[in-house]
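Coordinate inspection notes
Read off the chains here:
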Amino acid sequence: MVEKIQRKMSESRSARWIVLLMVSLTMMCGYFLTDVLAPLKGLLIELFHWDNTDFGLFNSGYGWFNIFLLMLIFGGMVLDKLGARFTGVLSVGVMLVGIGIKYYAIGFMDPSRTVDFWFFGAQTLKAQVLAASLGYALFAVGYETIGITANKIVVRWFKGRELAFALGMNVAFARMGTFLALALPLPIAKAFGNSVSTPILFGMILLLLGFLTFLVYIVMDRRLDSERAQEGLADDERFRFRDIFSIFRIRAFWYIALLCLLFYAAVHPFVKFAVDLVVQKFGVAGEYSGLIPSLLPVGTLVLTPLFGSIYDRRGKGASMMIWGALMLVFVYAGFAIPWVDHWAAAVVLVIILGVAFSLVPSAMWPSVPKIIPEHELGTAYALIFWVQNWGLAGVPLLIGWALDKWGTLPP
Ligand SMILES: NCCCC[C@H](NC(=O)[C@@H](N)CCCCN)C(=O)O
């Protein structure tokens, strides 16, 4: 097999699947670290006296640099200008620094210390919460950038072949990272005497391993470059700043960005509120309440690559996205109708949601290279992620506000 890889990178099936595996593992570590604190909320309340406002601030940190300082868009431009190898290393470096700050804040800072500062008026905050949020904000820049970098790498290696299946597998690794982040942190923290910082340290070590797998990709990608150069196929089109305007002029790009915004804003925040929903509306007992929402990531692990391979063979990406979006409307109508309150209905609705959450991404990500040239792809993905991030940041606030106003959930 190694011989085959050495002979011809561009034609070796094993080489491109190894590249996919190496890059997806790096990305998966990022997905693990993104949600590593989610299951530890109880411990943070118990040990450090964090409250809902602290959590709200910490979670909002995700968008501070990406959305407001446009770091995500710059990340896409760096990707198109300086390439995936450099951008990947930079992303992992930024993630490590960000997560290092968060680790220091959670593991070593005095939870009772406060800081006074001015931001649209005088503010007092817990120093630990502020530092952890700033670390998370920095981490998120690297995390989102590694997401678009992975997309561009997969397109480079798989275009004209089983691209949608490969992108589906890449998303499946992301889901696995999220799944592990929900399953592992609490047992790890408990095994180390209720230490909230140990799962973060565990994630950092994982990410260092993810960095090593990225180095394997770099070696292979360099070989692909030199092979292409020898054949006179070097990528000579370079990204220029004004290319951003040619992306803006493509109408299909806006349709995809809009669908990405609405779709992800509907699904991701749901996951955060799903347990409360099945308890409050469907009357599921406390200890089983996590089971129904957990069907969602597990189902998407298998279905996203499956739909990707259907897309590779049959096409019809637009129809897949439309069906996925319609299913989502059906699911939320089911959640909203008061008399649909049997636990079995919740199971069926979550399964349909899982199908929708696999259908749309499996068609959406491979559709972008069909409308955008490769040298602008990083910026195009970054712009789509940037639009999407507004929804990911805004909708939880909207849900919180709606629950406070009309909901029955405890504050
Ligand atoms: N190579 C990554 C494929 C994109 C996967 C996609 N990720 C996103 O849309 C990100 N902007 C992050 C979303 C927030 C998750 N915490 C996905 O389907 O996850």
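Because the structure is a prediction, the values reported are computed rather than measured. (Residues numbered from 1 in each chain as written. Predicted model: local features only at pLDDT ≥ 70, side-chain atom pairs only at ≥ 80, totals over all residues.)

1. Let's talk about the pairing of strand β1 (residues 114-118)
A small share of β1 lies buried, amounting to zero of its five residues. Inspection of the sheet shows β1 paired to strand β2 (residues 122-126) by five bridges, in the antiparallel sense. The residue of β2 that forms the bridge with W118 is A122. Once β1 ends, the chain turns through three residues before running back antiparallel as β2, passing F120 with a positive phi of about 50°. (Buried ≥ 20, exposed ≤ 12 C-beta atoms within 10 Å, placed from the backbone. Helix = DSSP H or I, 4+ residues; strand = E, 2+ residues; numbered from the N terminus. Pairing = 2+ DSSP bridges.)

2. Details of the domain arrangement of the protein chain
Its domain assignment divides the protein chain into domain 1 (1-230) and domain 2 (241-405). The C-alpha-based centres of domain 1 and domain 2 are spaced at 20 Å. At the interface, 32 residues of domain 1 touch 30 residues of domain 2. Among the elements of the structure, α4 (52-68), α5 (71-82), α7 (127-158) and α8 (163-183) are those that each provide at least two residues to the side of domain 1 that touches domain 2. Broken down by element, the residue count for the side of domain 1 that touches domain 2 peaks at twelve residues, all from α8. For the side of domain 1 that touches domain 2, the class distribution of residues is 17 nonpolar, nine polar and six charged. (Domains from an automatic or database assignment. Contact = placed C-beta atoms within 7 Å. Nonpolar A, V, L, I, M, F, W, Y, C, P; charged D, E, K, R; others polar.)

3. What to know about unusual backbone geometry
Negative phi is the rule for most residues except glycine; trans is the rule for most peptide bonds. We note that H49 has phi near 60°; this positive angle belongs to a residue other than glycine. Residue placement: H49 occurs in the loop between α3 (41-48) and α4. Phi at K316 takes a positive value of approximately 65°, unusual for a residue other than glycine. Tracing the backbone shows K316 in the loop between α13 (291-314) and α14 (317-336). Judged by the 12 C-beta atoms lying within 10 Å of it, K316 falls in the exposed class.

4. With respect to α14
The terminal C-alpha atoms of α14, which comprises 20 residues, lie 29 Å apart, in line with the 28 Å expected from a rise of 1.5 Å per residue. Restricting attention to buried positions, one finds in α14 the residues M320, M321, G324, L328 and V331. Seen end-on, α14 carries its buried residues on one side only, within an arc spanning 95°. Turned more than 90 degrees off the buried face of α14, the exposed positions are L326, V329, A333 and A336. For α14, the secondary structure elements touched by its buried residues are α12 (251-280), α13 and α15 (343-371). (Expected span 1.5 Å × (residues − 1). Arc of directions from axis to C-beta.)

5. Digging into the site of the ligand
As a structural note, the neighbourhood of the ligand is formed by 16 residues, with G147, A150, N151, P361 and F385 the closest of them. Looking at the shell around the ligand, the elements that each hand over two or more residues are α2 (13-34), α7, α8, α12, α15 and α16 (377-406). Split into classes, the residues belonging to the shell around the ligand amount to nine nonpolar, six polar and one charged. Taken together, domain 1 (1-230) and domain 2 (241-405) each give at least three residues to the shell around the ligand, which thus spans both. (Near = placed C-beta within 6 Å.)

6. With respect to the nonpolar core
Membership of the largest hydrophobic core comes to 120 residues, with the highest contact counts inside it found for V23, V154 and C260. A total of 19 residues in this core trace back to one element, the largest contributor, which is α7. In terms of domain composition, this core takes at least three residues from each of domain 1 (1-230) and domain 2 (241-405). Beyond its immediate chain neighbours, meaning those up to four positions away, V23 contacts A150, I153, F214 and Y217. (Core = buried A, V, L, I, M, F, W, Y, C linked by C-beta atoms within 7 Å.)

7. Some remarks on the environment of D116
You can see D116 is positioned in strand β1. Between the C-alpha atom of D116 and that of I153, which follows or precedes it by 37 residues, the distance is 44 Å. Apart from the residues within four sequence positions on either side, D116 is in contact with A122 and T124.

8. Things to note about the packing of α2 against α7
Running from N to C, α2 and α7 point in directions that differ by 165°, and their axes come no closer than 10 Å. Considering the angle they form, α2 stands roughly antiparallel to α7. Crossing hand, α2 versus α7: left-handed. From α2, R16, V19, L20, V23, S24, T26, M27, G30, L33 and T34 reach across to α7, where they touch F139, Y143, I146, G147, A150, I153, V154, W157 and F158. Here the contact of α2 with α7 is built from residues that sort into 13 nonpolar, five polar and one charged. (Axes fitted to C-alpha atoms, helices over the stretch in contact; angles between N-to-C directions. Parallel < 35°, antiparallel > 145°, perpendicular 65-115°, else oblique. Left-handed = near helix turned anticlockwise from the far one by under 90°.)

9. Comments concerning the packing of α12 against α14
In a pair of packed helices, the angle between the axes and the distance between the axes together describe the arrangement. Where α12 contacts α14, the two axes come as close as 12 Å, and the packing angle between them is 35°. Crossing angle aside, the handedness with which α12 passes α14 is left-handed. Mapping the contact onto sequence places L259, F263, A266 and L277 in α12 and M321, A325, L328, Y332 and F335 in α14. Of the residues belonging to the contact of α12 with α14, the class tally is nine nonpolar, no polar and no charged.

10. Comments concerning the environment of A38
Among the secondary structure elements, A38 is positioned in the loop between α2 and α3. Sequence spacing of A38 and A181 is 143 residues, and the spatial spacing of their C-alpha atoms is 7.9 Å.

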